Amino acid sequence: MNEAPATLIGTAIARPDAVDKVRGEARFVDDLAFPGMLHAAVVRSPHPHARILGIHAEAARSMPGVVVVLTAADVPGENIVHVIVDDQPALAADVVRYIGEPVALVAAETRRAARAAVDAVRVDYEPLPFVASPLAALEPDAPQVAVPSAAEGGNLFNRMVLVKGDVDGTFAVADVVVEGTYETGYQEHAYLETQGMIAVPDGLGAIAIYGSMQCPFYVQNAVAKVLGLPLAKVRVVAAATGGAFGGKEDVPSLLGSLAALLSSATRRPVKLVLDREEDVLTTSKRHPSRVFYRTAARADGTLLAIDVDIVLNAGAYQTLSSAVLWRSLVTAAGPYRVPNVRVVARSVATNTVPNGAFRGFGSPQVIFPHESQIDLVAERLGIDRVEIRRRNVLHSGDRTSTDHLVRDSVGIAETLDRAAELADWTARLERAATYNRASRETKRGVGVACVLYGVGLGGKAPFLDKAGATIKLEPDGSIAVAIGTVEIGQGLTTAVLQVAAEGLGVPIDRIHLSPVDTSRVPDSGPTVASRGTMMSALAVLDAAGRLRERIERVAKAHRIAKREIAQRLPEIARFFWLENFDPAVEGWASTEPVSWDPATGLGDVYPVYAYATHIAEVEVNVDTGEAHVVDYVAVHDSGRILNRVLASGQVEGGVAQGIGFALMETIEEKDGRLIVNGLTTYRLPTIRDVPLAAAVDFVEALFPAGPFGMKGIGEVPVMAAHAAVARAVAHATGRNPTRYPLDPPRIKSLLGEKP
Amino acid sequence: MNIRFAVNGREVSVETDAETRLLDVLREDLHLTGTKEGCGEGECGACTVLLDGLPVNSCLIPAPQVEGREVLTIEGLADGHRLHPLQAAFVEQGAVQCGFCTPGFVLSAYALLRSNSAPTDEEILTALEGNLCRCTGYGKIVSAVRTAAERMRESP
Ligand code: FES
Ligand code: FES
């Protein structure tokens, strides 16, 4: 790292990608076109579970504009969408396992022609018995949904355990025991840009994929497998991506494969863009969950033991469920010291759309319970809710539920103190009480939530936690940087540029960061788990350090003083050129080793944790059951904040998603069918549903191994927000909600219950 | 059928049919891809354009309806390389994340400020409540509109 003062770090540089975006000139995938490009549409299963008896495509093939119709028989490579476990076909061959599963593909000259042809493809099915509920799917006589090789038995995809200390013994002697069963439903990502991919023949038998995605290297692997091509012949380029939130982690591998199949069959560019209804019905969502949670505590509020049983509805294929479940498992205790822990976590196959990554990744499902439970303990013991958290949060030198001794960068206690101070906690509680005494129709409530988030992929997939970067000094003194993680709106471009400028000691406007192209950098893993900025920044710093050294050597040889380097870079670059110095440097980063023992669930499961405390105030109308967030405080420890505007933008956006999850967002399922009609019936928070004057602050517990001390931030805000809001509703209503969303009917029925 | 209308001050003529939406004509025939399709259902506002000065969802407007009228898209807002004050404020205030909703928000706000140079917060919310953003949580968008309104009042 260079010794110049870190002047750019922490400053609110405006994002360079914003200019094109406000002008309407940023190119999202549906804005791209290639000469001769065809449009794709997908024939999908109308059944939750059925055998395919035959596919009749002749009528569709002869329709005007239709170029090709493909089925599983036409897949040149392996008919598999590779994610973690190879159970999901690109196109169903014999059996369909969920409504919306791709069965055949159409490519036509226009989008309209392609969609019309879909209706003309006749598929004969023999419907099979199906099961849509995970508990029913675990019954011994349940229909077999899971591909047997992908399951531990029956429809049980994964079972994981975490066991520490003496749980039963502790429960037997504890002063207080509280328990509850908590349920959450679907949450749809509702990124404003629907999913889309374009596959383009790239010359010499290669293929290029342009699209909206988080994980270009996942797409590269998936496309290579389905086409039977070597990885070197598959080049993936990330287009401007209109939001992702985890929804564009694994699904682009499927959609990229489908576009690639059509492109390879027709030898023409093919665009596949989902419309909103199709996107909501057929792409991954947050796993619905049922969590039983029992907590034991001492009379002074010290948490002694937890006993947790987690069931996630995985949907028909594994996709990312094992990784999501793992995070539920190791996050179940929250940011608290709990010496005795038992967690059993299961993900279960059902005949519903495969669920996948959604910001928080399996943690919100356990945070709702752990934050509810600690409040119940506080209530039983008559301890203030902030105070009980103070007595239990992790400090440096403590051990997490997985027995990880945490030393560096443990800022949870500071976030709690700062949030309580910003919210004026005690006075606020009194004000709410005063308000409630005077008001019959509306009641105020205040909720607090604390969370811990393991940054990166952790012990479940350590081989993925790496990233590459290249930096090239151009002959004119400008600098081209390439990385392998993606700008999805979170601000990675800006943060990485700040780090590059800092590492190179040159002005930021001399540096250009190009969109991810898998042919330019080594596999850098996925843009997920709040790792994208941290990992690419580390790789960029690695490269920048070495290029800086080389620049200094050339400068010295030409008697250019160090402090003149930034200004005289064009001259120096010229010397590189004339004297044949190598102007390109590769950078590489990998995280500290992590460990995890599947037998006990214990280990140093993540390199570092990020923390947050949120406090929400809501107003509940007891007549209508409507809840509204009226004030909000969010304090985060994500280590060093590279850019406050970007970081607070992440927080505010996550808070809105958390409010949505707690209060309004859900999808009902009936007979394996999701009852939803695009954004017409899936209700997202609007500008009227969010606290516009949220107080956002950061305590910076520096992470020594992070770039300039940073950890990650992206996922954390939503994780804390839903729980703070739900606990505020609990406070306002005097009831303990156990099911999301807390929409008007549910709040009314909650109010009907005995307090 | 052939329709004629003005886009961003320029007369255009397009061959289309009654099933085609204004959104498709803009994006596919005129290559004005700054207007986005977020839902195609009139729910998200990403496709907002101004029709005779008023904001509309272009995904709900059949193309023939714009015959003889004036359309303003996001591409018509900046003055060459100079951003419109609203656009500049969106950039500075961090009101842009993924940017997919941005053209729609900027145009809804533009329509507001044209008719009301000093909107209250309530008026800003009313003007923007038909636009969805999944990234920002809206706070910075409201600040951007306030900032732009102030600046435009200072140097109209
Ligand atoms: S695309 Fe028109 S309102 Fe969403
Ligand atoms: S910035 Fe992504 S939807 Fe608004």
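Residues numbered from 1 in each chain as written. Chains lettered and ligands numbered in written order. Predicted model: local features only at pLDDT ≥ 70, side-chain atom pairs only at ≥ 80, totals over all residues.

1. Let's talk about the overall build of chain A
Part 1: A count of helical and extended segments in chain A gives 20 helices and 25 strands.
Part 2: Taking 27 Å as the expected radius of gyration for a compact globule of 755 residues, we find that chain A reaches 26 Å, a close match to that expectation.
Part 3: Projecting the C-alpha coordinates of chain A onto the three principal axes gives extents of approximately 75 × 75 × 50 Å.
Part 4: In chain A, buried positions account for 61% of the 755 residues. (Helix = DSSP H or I, 4+ residues; strand = E, 2+ residues; numbered from the N terminus. Rg over C-alpha atoms; globule rule 2.2 N^0.38 Å. Buried ≥ 20, exposed ≤ 12 C-beta atoms within 10 Å, placed from the backbone.)

2. Digging into the nonpolar core
Residues and elements named next belong to chain A.
Part 1: Among the nonpolar cores identified, the biggest contains 318 residues, and Ala40, Leu105, Val106, Ala259, Leu262, Val540 and Val725 are the most heavily contacted of them.
Part 2: Per element, the largest residue contribution to this core is 13 residues, and it comes from helix H19 (residues 716-733).
Part 3: Residues contacting Val725, with those up to four places away along its chain left out, are Gly447, Ala616, Val618, Val629, Gly658, Ile659, Ala662 and Leu663. (Core = buried A, V, L, I, M, F, W, Y, C linked by C-beta atoms within 7 Å. Contact = placed C-beta atoms within 7 Å.)

3. Points about the interface of chain A and chain B
Part 1: Between chain A and chain B, the contact holds 42 residues from the first and 41 residues from the second.
Part 2: Of all the elements in the fold, those that place two or more residues in the side of chain A that touches chain B are helix H1 (17-23), helix H17 (644-664) and helix H18 (678-681) of chain A.
Part 3: Per-element tally for the side of chain A that touches chain B: the top contributor is H17(A), with seven residues.

4. Notes on helix H10 (residues 364-381) of chain A
Part 1: Given a rise of 1.5 Å per residue, 18 residues ought to cover 26 Å, and the 26 Å separating the end C-alpha atoms of H10(A) matches this to within 8%.
Part 2: Along H10(A), 14 of the 18 residues are buried, which leaves the element largely enclosed by surrounding structure. (Expected span 1.5 Å × (residues − 1).)

5. Remarks on the domain arrangement of chain A
Interfaces are often sized by the accessible area lost when the parts come together.
All names here are of chain A.
Part 1: Its domain assignment divides chain A into domain 1 (18-26 + 466-590), domain 2 (32-128 + 195-273) and domain 3 (289-458 + 598-752).
Part 2: The distance between the C-alpha centroids of domain 1 and domain 3 comes to 37 Å.
Part 3: Considering each element in turn, the side of domain 1 that touches domain 3 owes the most residues, five residues, to helix H15 (residues 532-557). (Domains from an automatic or database assignment.)

6. Regarding the sheet that holds strand S6 (residues 122-127) of chain A
Residues and elements named next belong to chain A.
Part 1: If you walk across this open sheet you meet the three strands as S4-S2-S6, and the pairing is antiparallel. Here the strands that pair on one side only, and so sit at the sheet edges, are strand S4 (95-96) and S6.
Part 2: Relative to S4, strand S2 (residues 50-56) is paired through two bridges, and the arrangement is antiparallel. Bridge pairing in S4 places Ala50 opposite Val96. (Pairing = 2+ DSSP bridges.)

7. Some points on helix H3 (residues 111-120) of chain A
All names here are of chain A.
Part 1: For H3, the full list of buried residues reads Arg111, Ala114 and Ala117. Angular distribution of buried residues about the axis of H3 spans 125°; they occupy a single face of the element.
Part 2: Residues of H3 that are buried make contact with strand S1 (38-44), helix H2 (58-61), strand S3 (66-70) and strand S5 (102-108). (Arc of directions from axis to C-beta.)

8. Some words on the sheet that holds strand S16 (residues 442-454) of chain A
Hydrogen bonding along the main chain pairs the strands of a sheet, whether they run parallel or antiparallel.
All names here are of chain A.
Part 1: With mixed pairing, the four strands of this open sheet are ordered in space as S16-S21-S22-S25. Each edge of the open sheet carries a strand with a single partner, namely S16 and strand S25 (695-698). If you compare each strand with its neighbour and ignore which way they point, the axes differ by 15° on average.
Part 2: Here four bridges tie strand S22 (residues 627-637) to S25, and the two strands are oriented parallel to one another. Note that in S25 the partner of Val635 across the bridge is Asp697. (Axes fitted to C-alpha atoms, helices over the stretch in contact; angles between N-to-C directions.)

9. A short note on the pairing of S2(A)
Part 1: Across six bridges, the pairing between S2(A) and S6(A) is antiparallel. Following the sheet pairing, Ile55(A) is matched in S6(A) by Val123(A).

10. Topic: the packing of H17(A) against H19(A)
Residues and elements named next belong to chain A.
Part 1: In contact at an axis separation of 7 Å, H17 and H19 are set at 45° when each is read in the N-to-C sense. Considered as vectors, H17 and H19 are oriented oblique to each other. In terms of crossing hand, the pair formed by H17 and H19 is right-handed. Contacts from Gln650, Val651, Gly654, Val655, Gln657, Gly658, Ile659, Phe661, Ala662 and Leu663 in H17 reach Pro717, Val718, Ala721, His722, Val725 and Ala726 in H19.
Part 2: The class makeup of the residues in the contact of H17 with H19 is 11 nonpolar, five polar and no charged. (Parallel < 35°, antiparallel > 145°, perpendicular 65-115°, else oblique. Left-handed = near helix turned anticlockwise from the far one by under 90°. Nonpolar A, V, L, I, M, F, W, Y, C, P; charged D, E, K, R; others polar.)

11. Some remarks on the environment of Lys285(A)
Residue and element names in this part refer to chain A.
Part 1: Note on placement: Lys285 falls in the loop between helix H8 (276-282) and strand S13 (289-297).
Part 2: Classification of Lys285 by C-beta neighbours within 10 Å gives buried; the count is 26.
Part 3: Each C-alpha atom of the pair Lys285 and Gly185 lies 9.6 Å from the other, and the pair is 100 residues apart in sequence.
Part 4: Every residue in contact with Lys285, bar those within four places of it in the chain, is listed here: Tyr186, Gln187, Glu188, Val353, Asn355 and Phe358.

12. Here's the deal with unusual backbone geometry
Residues and elements named next belong to chain A.
Part 1: The omega torsion of the bond from Tyr740 to Pro741 falls at -10°, within 30 degrees of zero and hence cis.
Part 2: Within the secondary structure layout, Pro741 lies in the loop between H19 and helix H20 (744-752).
Part 3: Positive phi, close to 55°, is recorded for Leu204, a residue that is not glycine.
Part 4: Along the polypeptide, Leu204 turns up in the loop between strand S9 (196-201) and strand S10 (207-211).

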